Amino acid sequence: MALVTMKEILEDADKRGYGVGAFNINNLEFLKAIVQAGEEEKSPLIIAVSEGAMKYAGVEYLSEIVKIAAKNASIPIALHLDHGKHFEKIMATLRNGFTSVMIDASDKPYEENVKLTSEIVKIAHAMGVTVEAELGRLLGKEDEVQSDVAIYTDPQDAKRFVEETGVDALAVAVGTSHGAYKFKGEAKLDIERIKKIKELVSIPLVLHGASGVPAHITKGLKEVGVDLKSAKGVPEEEIKKAIGAGIRKINIDTDLRLSFLLGVRRYMAENPTTFDPRKYLGAGMEIVKDTVKSKIQLFGSANKA
Ligand code: TD3
Ligand code: ZN
């Protein structure tokens, strides 16, 4: 089928109380692994492309392969710009048929965030495209997204922000951060805050920085010489509680990167003389696919397509 909007996917998730993964891609291998997992689990999917991915692969290449994947798939797929920071980049994704965009002006003062977000809402809605925005600030650094201070989302501000901008989905800061090193102390999310925001805001809520950094992956990586030491992700129990409290879109990038790396490094360690890229990239894809399948089960989106 053709690409669907993210709004359509999240409205069903909200109605039925489950979460949908937004999985980042930079190339064909990740896309194919994610879509295979979605097909096998009969789950709707959000394919996320960051400005960094656009720079790496080119927005035309990425949008075309995602459209082909959607055309050949039996599950609903949305194509989403993750952390859109630059007006021209957001316009480029609209020109290339993205069905959803995130405008991330969360590093700007409140009024400026409202102004920039509203501007994108006006343009994107005229084109039938979904808009996600962010209020509050996540800790950590990944690609072009970075912040040294965490500011949790204020529920009253969230209500006002949604009313003033007309966005379709809202990313909130409730204790997560981007990357593989999320917590120094206890790995906990502010579940009460999610509940409060959910009470005041009627649109679907988004959790960024939701990777779990699973032990079986870090253990496997250690065996092939990649020691991630103090890496710590969001525990599965916290993700379940977050969905219970009202989170509907869950962003996963780090876990896919770690999974792919494990597949490739393990393959290379076991087959030191193989130089066919289809072999070692294929091994990376296998683990990405397994990881996506387990996320789909955790989020509750299996058999919802
Ligand atoms: O938005 N993302 C993906 C990363 C964007 C930067 O290029 C997330 O929120 C996922 O976070 P993570 O690191 O937990 O997978
Ligand atoms: Zn993010």
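Below is a short write-up of the structure. Small disclaimer: the values here were computed from a predicted structure and weren't measured.

This part covers the packing of aromatic side chains. Each aromatic ring pair is characterised by the separation of its centres together with the angle its planes make. All told, the structure shown has two aromatic pairs when counted by the stated rule. Summarising the aromatic geometry, the rings of phenylalanine 30 and phenylalanine 260 are spaced 4.7 Å apart at their centres and angled 40° between planes, so their arrangement reads as tilted. Here phenylalanine 30, found in helix 2 (residues 28–41), pairs with phenylalanine 260, found in helix 11 (residues 254–270); they are 230 residues apart in sequence, far enough to count as distant. For phenylalanine 30, a relative accessible area of 11% gives the class buried. Residues tyrosine 110 and phenylalanine 161 carry aromatic rings whose centres are separated by 6.2 Å and whose planes lie at 70° to one another, so their mutual orientation is edge-to-face. Taken together, the residues tyrosine 110 in helix 6 (residues 110–126) and phenylalanine 161 in helix 7 (residues 155–165) connect sequence positions 51 residues apart. For phenylalanine 161, a relative accessible area of 0% translates into the label buried. Over the aromatic face of tyrosine 18 sits the side chain of lysine 304, whose NZ or CZ is 5.0 Å from the ring centroid.

We now examine unusual backbone geometry. Most peptide bonds take the trans configuration, and most residues that are not glycine carry a negative phi. Phi angles above zero are rare outside glycine, and histidine 83 is one such case at about 50°. A residue is classified by how much of its surface remains accessible, and histidine 83, at 6% relative accessible area, is buried. Its identity is not glycine, yet valine 213 carries a phi of approximately 45°, on the positive side. With respect to the helices, strands and loops of the structure, valine 213 is situated in the loop between strand 9 (205–207) and helix 9 (215–223). On the accessibility criterion, valine 213 (8% relative accessible area) is buried.

Donor atoms from the polypeptide that bind the zinc ion (ligand 2) are His83 (NE2), His178 (NE2) and His208 (ND1), placed at 2.1 Å. Because the angles between the six donor atoms bound to the zinc ion (ligand 2) fall within 27 to 169°, the donor set is best described as irregular. Counting the intervening residues between successive donors of the zinc ion (ligand 2) yields the motif H-x94-H-x29-H. Taken together, the residues span a long stretch of sequence, with histidine 83 in strand 3 (residues 77–84) and histidine 178 in the loop between strand 8 (169–172) and helix 8 (191–200) at a distance of 95 residues.

With that settled, consider the site of ligand 1. Not every one of the 17 residues close to ligand 1 is listed here, only the nearest: Asp82, Lys182, Ser211, Asp253 and Thr254. Separating an oxygen atom of ligand 1 from a backbone N or O atom of glycine 179 is a distance of 2.8 Å. The contact in question runs from an oxygen atom of ligand 1 to an N or O atom on the side chain of lysine 182, over 2.6 Å. Contact with the protein chains hides 99% of the accessible area of ligand 1, taken as 410 Å² for the molecule alone. Residue assignment for the shell around ligand 1 shows that the elements contributing at least two residues are strand 3 and strand 10 (247–252). In terms of residue class, the shell around ligand 1 is made up of two nonpolar, ten polar and five charged.

Attention shifts here to the sheet that holds strand 9. Sheet strands pair via backbone hydrogen bonds, and the direction of the pair is either parallel or antiparallel. The eight strands lie next to each other as 1-2-3-4-5-8-9-10, forming a closed barrel whose pairing is parallel. Across the sheet, the mean angle from the axis of one strand to that of its neighbour is 25°, orientation sign disregarded. When strand 4 (residues 100–103) meets strand 5 (residues 130–135), the two strands line up parallel, connected through four bridges. Residue pairing in the sheet places isoleucine 103 in a bridge with alanine 133 of strand 5. With respect to the sheet, helix 4 (residues 59–72) is in contact with strand 2 (45–50) and strand 3, its orientation differing from that of strand 3 by roughly 155°.

What counts and what doesn't
Residues numbered from 1 in each chain as written. Chains lettered and ligands numbered in written order. Predicted model: local features only at pLDDT ≥ 70, side-chain atom pairs only at ≥ 80, totals over all residues. Heavy atoms only, no water. Phe/Tyr/Trp six-rings, centres within 6.5 Å; stacked < 30°, edge-to-face > 60°. Helix = DSSP H or I, 4+ residues; strand = E, 2+ residues; numbered from the N terminus. Buried < 20%, exposed > 50% of the residue type's maximum accessible area, 1.4 Å probe, protein only. Lys NZ or Arg CZ within 6 Å of the ring centre and 35° of its normal. Donors = N, O, S within 2.8 Å, 3.2 Å for Na, K, Ca; no water. Tetrahedral: all angles 85-135°; square planar, octahedral: opposite > 155°, others 65-115°. Near = heavy atom within 4 Å. Polar contact = N/O pair within 3.5 Å; in protein donor to acceptor, adjacent residues only side chain to side chain. Areas by Shrake-Rupley, 256 points an atom, 1.4 Å probe, with all protein chains shown as cover. Nonpolar A, V, L, I, M, F, W, Y, C, P; charged D, E, K, R; others polar. Pairing = 2+ DSSP bridges. Axes fitted to C-alpha atoms, helices over the stretch in contact; angles between N-to-C directions. Contact = heavy atoms within 4.5 Å.

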